[in-house]
Amino acid sequence: MVRVLAVLKAVWRAVWRGQGSFLSISTNNFFIFTAYLFRQQGVFLYLIIALLMLFPLSADPLRKIPAERLRLWPLNRREWWILRILSPWVNPMMWLLAAATIWAVRRSVTWQLLGIVAGMFALGFVLSDVGGGAWDGLARRVPGFGGQLRELIRKNLRQMLSTLDLWCALVLSVATTIYRVADRNTPPEGFLLMVLLVMLALSSYAQCLFGLDGEGGLTRYRLLPLHGWQILLAKDAAFLLVAVVLTLALNPLAGLAAALMVLAVGHEQSVKHLKPQIRWRFSSGASLGNGVVQVFTMSIAANGVARTSVLLLVPCAAIYAISLWWYGRTLEVK
Amino acid sequence: MISCRDLTCRYGEFVAVDRLNLEIERGSICAFLGPNGAGKSTTVKMLTGLIAPSSGSASVAGLDVVRDALEIKKRIGVLPENLGLFDDLTVEEHLHLTGAVYQLSRADTRDRSNQLLRALHLEHGRYTFASRCSHGMRKKTSLAMALLANPQVLFLDEPLEAIDPVTAKTVTDLLVTLSQRGITVFLTSHILAAVEQFATRVVLIRKGVVAWNSTIAEVPGSLEKLYFDLVEAPAAEDLAWLGSSQS
């Protein structure tokens, strides 16, 4: 039992240290601006955020210890079972679930809601143990593109897929698309707002484009015979592709204009203030000031393109090109 | 092919490499040896454009490492200290990335990739993501990337560590063949016995200062003895509790 307690203590420490990484949401543009702009009206947005965070929060705590290390420790079969049964209780989500069960018994929470939350918790728990193969399968399906930067774009798309920002934007996009198909009388202004929300969900990622590359990736960038703007372009191409696809059924040109501005402003933080990111979390924005400028410029650009003229895409593209050139140079000097 | 003039790297007050002077001729295999923290990797980083020298100058393939950094990158292959791999690409995709960036045709990239994967015994792991590869596989992938674009100069940071003996033999044979074809190899290593077999020049560095620089033929006695004499002698701590009845 002493051995089990020692392992549990290590797991507990690792889990609680890991909880800090979920605080990345507090500097995420989507969370900050929806909380500020919508307040109580934004409940459905907070539900989406909570729903997406539930998956990584439900991960099996034993995964915090490398599987091989765990197998090397001299634990007998009985100790293994005790560890297996007790370790989920190291996760605060398990305690919340237990509390929700008590509330359900007392009729404060419906059994249906409890069932949904418990089911998702179980799914997150199991996926963290066996989900590696599923992720590999999805990542392998990311298409390659032509040209010198094809593999870099593919890699960047995979990185985007491993952030909750993209999945949040996807939920918003799919939900709005279904709504659009079901109700043909919705005014186009409504879709413009949803374009802005989708872009808002993606905007923090544009502030930390190199956050998932790690030390090895950053070294490789410096070794490749590419200009700084080419490396940045490979990042941006993946972002623009995602932005256009997610706004395709809403207003793709407004989405493109917003994406160009989000990137043009986000380059400053991405290049000058590298902020490492963690997979399966919301991106942590590097600067609130940069986030405010991103939101302001993307709103003007998307509104302008949607309400005034598509030609406004030209100045957006020009501003983006200047940013790409300037921060590409900065990247080379770094 | 590689030339350093008073090349220096400082991190604040700490001098990692102090006024390094070197001349490495074309087609040689230069073993750059020294203990951990001696300045080997820092030198490789300066010569490959990963960090800028604090003072002094260096040239690779006749090009200045600061002024012509991009041109140098087109002519060299590098196995960096941290391997420089992306977690989100497979072994094969790393080679395709190299082929695309160095503007090889798709057919050439495919052919060369297949040959390198076979030579380095990496075929079984070609579709494995770098994040799931063993350290040895990651090292071999990075080595294959360094070779794929047919470089004029190879910079290899500890190429023989963490790879299996058969691949190590393949790599050393390959390096000898490459040097005979005029490719210059600059490598760091801690495996003195192996390096002694194929290096043509030996440079020993200690605390950022060159302690020895000669051809391998000019090394008196064994390389190991020279290393222990000039760089650092082994010191064994008697860990008395090891092997005792106390668990």
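Criteria and cut-off values
Residues numbered from 1 in each chain as written. Chains lettered and ligands numbered in written order. Predicted model: local features only at pLDDT ≥ 70, side-chain atom pairs only at ≥ 80, totals over all residues. Core = buried A, V, L, I, M, F, W, Y, C linked by C-beta atoms within 7 Å. Buried ≥ 20, exposed ≤ 12 C-beta atoms within 10 Å, placed from the backbone. Helix = DSSP H or I, 4+ residues; strand = E, 2+ residues; numbered from the N terminus. Domains from an automatic or database assignment. Contact = placed C-beta atoms within 7 Å. Nonpolar A, V, L, I, M, F, W, Y, C, P; charged D, E, K, R; others polar. Axes fitted to C-alpha atoms, helices over the stretch in contact; angles between N-to-C directions. Parallel < 35°, antiparallel > 145°, perpendicular 65-115°, else oblique. Left-handed = near helix turned anticlockwise from the far one by under 90°.

**Digging into the nonpolar core**
Residues and elements named next belong to chain A. Core analysis: the largest hydrophobic core is formed by 141 residues, its most contacted members being Val195, Met199, Ala257, Ala258 and Ala302. With 12 residues, the top contributor of residues to this core is helix α13 (residues 252–272). Residues from two domains meet in this core; each of domain 1 (1–62 + 77–130) and domain 2 (147–334) gives at least three. In contact with Ala257, other than residues within four places in its own chain, are Ala301, Ala302, Val305, Leu312, Leu313 and Cys316.

**Digging into the interface of chain B and chain A**
Contact residues are listed per partner, giving 24 residues for chain B and 21 residues for chain A. Tallying contributions element by element places helix α3 (residues 91–101) of chain B first for the side of chain B that touches chain A, with 5 residues. Along the lines of polarity and charge, the residues of the side of chain B that touches chain A split into 13 nonpolar, 6 polar and 5 charged.

**Some thoughts on the packing of α13 of chain A against helix α14 (residues 288–308) of chain A**
All names here are of chain A. With their axes 8 Å apart at the nearest point, α13 and α14 run at an angle of 155° to one another. As the angle between them shows, α13 and α14 are arranged roughly antiparallel. α13 and α14 meet at a crossing whose hand is right-handed. Contacts between α13 and α14 involve Leu253, Ala254, Ala257, Ala258, Leu260, Met261, Val262, Val265, Gly266, Glu268 and Gln269 from the former and Asn290, Val293, Gln294, Thr297, Met298, Ala301, Ala302, Val305 and Ala306 from the latter. Tallied by class, the residues present in the contact of α13 with α14 amount to 14 nonpolar, 5 polar and 1 charged.

**Considerations on unusual backbone geometry**
Most peptide bonds take the trans form, and the phi angle of most residues other than glycine is negative. Residues and elements named next belong to chain B. Unusually for a residue other than glycine, Ala61 sits at a positive phi of about 55°. Following the sequence through the fold, Ala61 ends up in the loop between β4 (55–60) and β5 (63–64). Unusually for a residue other than glycine, His121 sits at a positive phi of about 55°. Its location among the elements puts His121 in the loop between α4 (106–119) and α5 (135–148).

These figures capture arrangement, not role.
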